[in-house]
Amino acid sequence: MNILILGSGGREHALAWAVMQNPKCDKLIVAPGNAGIAMIADCAALDIEDGGSVVTFAEENSIDFVIVGPEAPLAAGVADRLRDAGLLVFGPSAEAARLEASKSFTKEICDAANAPTAAYGHFTDAEAAKAYVRAQGAPIVVKADGLAAGKGVIIAETVAEAEAAIDDMFGGAFGGAGAEVVIEEFMQGEEASFFVLCDGTDVLPMGTAQDHKRVGEGDSGPNTGGMGAYSPAPVLTDAIAQKALDEIIKPTMAEMAKRGAPYQGILYAGLMIEDGQPRLVEYNVRFGDPECQVLMMRLGAQAMDLMHACAEGRLAEAQVNWADDHAMTVVLAANGYPGSYEKGSVIGGLDGLPEDSFQMMFHAGTSETDGRITATGGRVLNATARGATLQEARDRAYAMVDQVNWPEGFCRRDIGWRAL
Ligand code: AMP
Ligand code: GLY
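Cut-offs used in this document
- Residues numbered from 1 in each chain as written.
- Chains lettered and ligands numbered in written order.
- Predicted model: local features only at pLDDT ≥ 70, side-chain atom pairs only at ≥ 80, totals over all residues.
- Heavy atoms only, no water.
- UniProt positions renumbered as here; feature names shortened; annotations may be inferred.
- Buried < 20%, exposed > 50% of the residue type's maximum accessible area, 1.4 Å probe, protein only.
- Helix = DSSP H or I, 4+ residues; strand = E, 2+ residues; numbered from the N terminus.
- Pairing = 2+ DSSP bridges.
- Near = heavy atom within 4 Å.
- Polar contact = N/O pair within 3.5 Å; in protein donor to acceptor, adjacent residues only side chain to side chain.
- Areas by Shrake-Rupley, 256 points an atom, 1.4 Å probe, with all protein chains shown as cover.
- Nonpolar A, V, L, I, M, F, W, Y, C, P; charged D, E, K, R; others polar.
- Core = buried A, V, L, I, M, F, W, Y, C linked by side-chain atoms within 4.5 Å.
- Contact = heavy atoms within 4.5 Å.
- Phe/Tyr/Trp six-rings, centres within 6.5 Å; stacked < 30°, edge-to-face > 60°.
- Lys NZ or Arg CZ within 6 Å of the ring centre and 35° of its normal.

The protein goes by Phosphoribosylamine--glycine ligase in an unreviewed UniProt entry, where it is assigned to Marivita cryptomonadis. According to the UniProt record, the Sequence similarities (unreviewed entry) comment for the protein is "Belongs to the GARS family." Its UniProt record gives the protein a comment under Catalytic activity (unreviewed entry), which states: "5-phospho-beta-D-ribosylamine + glycine + ATP = N(1)-(5-phospho-beta-D-ribosyl)glycinamide + ADP + phosphate + H(+)".

Glancing now at helix α10 (residues 291-299). Counting buried positions over the nine residues of α10 gives nine, a clear majority of the element. Looking one or two residues past α10, G300 carries a phi angle of roughly 60°, positive in sign.

One face of the sheet, then the other: side chains in a regular strand alternate in exactly this way. Bridging between strand β15 (residues 264-274) and strand β16 (residues 277-284) involves seven bridges; their strand directions are antiparallel. Looking at the pairing, E274 lines up with Q277 of β16. From the end of β15 to the start of β16, which pair antiparallel, there are two residues, and D275 there has a positive phi angle of about 50°.

Counting buried residues along strand β19 (residues 359-363), five of its five residues qualify, which places the element largely inside the surrounding structure. Alternating positions in β19 separate into two faces, Q359, M361 and H363 on one and M360 and F362 on the other, with burial throughout. Note: β19 against strand β22 (residues 379-387), five bridges, orientation antiparallel. Its bridge partner being in β22, M361 is matched across the sheet by A383.

Moving on: the site of ligand 2. Taken together, D211, K213, G225, Y268, N284, R286, G288, D289, P290 and E291 form the complete shell of residues around ligand 2. Residue G225 places a main-chain N or O atom 2.9 Å away from a nitrogen atom belonging to ligand 2. Contact between ligand 2 and E291: a nitrogen atom at 2.9 Å from a side-chain N or O atom of the residue. Look at ligand 2: alone it shows 200 Å² of surface, and the protein chains cover 88% of it. Looking at the shell around ligand 2 residue by residue, the classes come out as two nonpolar, three polar and five charged.

Let's shift gears to the site of ligand 1. Of all residues adjacent to ligand 1, which total 15 residues, the nearest are E184, M187, E191, K213 and E282. In the model, a nitrogen atom of ligand 1 is placed 2.9 Å from a nitrogen or oxygen of the K143 side chain. The separation between a nitrogen atom of ligand 1 and a polar side-chain atom of E184 is 2.7 Å. Protein contact buries 91% of the 470 Å² of open area that ligand 1 shows by itself. Looking at the shell around ligand 1, the elements with two or more residues in it are β7 (140-144), β8 (153-156), β9 (181-185) and β16. Classifying every residue of the shell around ligand 1 gives eight nonpolar, no polar and seven charged.

A few words now on the nonpolar core. Judged by nonpolar contacts, the single largest core of 52 residues is most densely connected at L4, L6, L82, L99, F194 and I249. With eight residues, helix α9 (residues 238-258) is the largest single contributor of residues to this core. Sequence-distant contacts of L6, that is, excluding residues within four places in its chain, are made with E12, A31, L46, I48, V54, V66, I67, V68, G69, P70 and V78. By size, the runner-up hydrophobic cluster in this structure holds 45 residues, among which are M1, A16, L306 and A309.

Each aromatic ring pair is described using two quantities: the centre-to-centre distance and the angle formed by the ring planes. Scanning the model with the defined rule gives six aromatic pairs in all. The interplanar angle of 75° and the centroid separation of 5.5 Å between the aromatic rings of W17 and F362 together place this pair among those described as edge-to-face. Here W17, found in helix α1 (residues 10-20), pairs with F362, found in strand β19; they are 345 residues apart in sequence, far enough to count as distant. The exposure class of F362 is buried, given its relative accessible area of 0%. Feature note: the residues F90, F195, Y268 and F287 constitute an aromatic cluster, connected by ring pairs. Directly above the ring of F358 sits R386, whose terminal nitrogen or CZ lies 4.3 Å from the centroid.

Next comes the structure, spelled out in structure tokens:
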């Protein structure tokens, strides 16, 4: 099979790494890719949000199967364009991708599906939103309705902070994403990510993980795209995962199908768990980054068979063969991230790293010039390892981190603290 993966982050490097291990993969192209992906697959420059270009590229390169990594091409309808052209795709339609692209849409679906989530109000003007905040009190959560690259959520500790966030959003701080605002009850509990394959009819759990969203140790400082993750997440016990499937995910999938927008792809449910009860924080219509890295480290080659079965609507006959293992990934980010940071610093120490089925340095924001790897993004490398225990996975991951020579970067030293 000739496979095309769309994306350029650590998530796509991990997907490429898993796909390359599968003997059914004859050729792999990743567009646009990064310096680490280029070491294991062909990379191609391509505007991945332009459906027409992606279709032409796939046809010219005799692609049999396309895996879409990030949400932006999905929300832009790239999977629809590929399917219209008769290509097999892993990833939802633009209509189904609204589960991530519009928070008010998701809340409304949850209402219809009777799925447990935070109480909320949906507003198109600031005064009504502020009146709701004053009536509810703080803490309270203010969210831009649309895609805001993970930055459109403000957890307000006071009513004044919430009112300021409302003014910012309606004032255009998040562009079009903030033209509508959702205000939510602040949920207490422990967060975990649940990844479920959905083929429009059947669902198959693909794994659990816990991310570390804050930039600083002890979960301090501003939110980031994620500073590290591990899998499985012990807080998501089998019983709680089953509840999440029965009460949240399956009813959502049924509601989407009922509305003529069946969901196909990986569904990432961000859950808040309190007293054994999961509630939905958000859906994402793609793998998490860096959660994907730990899932791929644990699944290896079978990940491709699962995604392929999902795209072909064969999940009813698929199964995940879990090893009794644990994986961890530690994100190395450029100094200053998630604020402003320098680009172009040289990263040393990567050549001597042991890379095998137990440990991989996945690349996120890197490029290569004259044989040197340089940092081109905020999140730059993902030291990813697995082991019989989480401690073993952790020791391997940090041993890789310690071999990297990159004074312009940093990482959190406490990834996995909740579980260890
Ligand atoms: P989201 O972009 O919806 O994932 O929100 C980003 C982060 O904000 C989540 O991962 C949670 O940590 C937090 N968050 C969002 N909504 C709520 C809520 N209703 N209650 C508590 N925390 C929340
Ligand atoms: N790591 C969080 C996300 O991918 O949304």
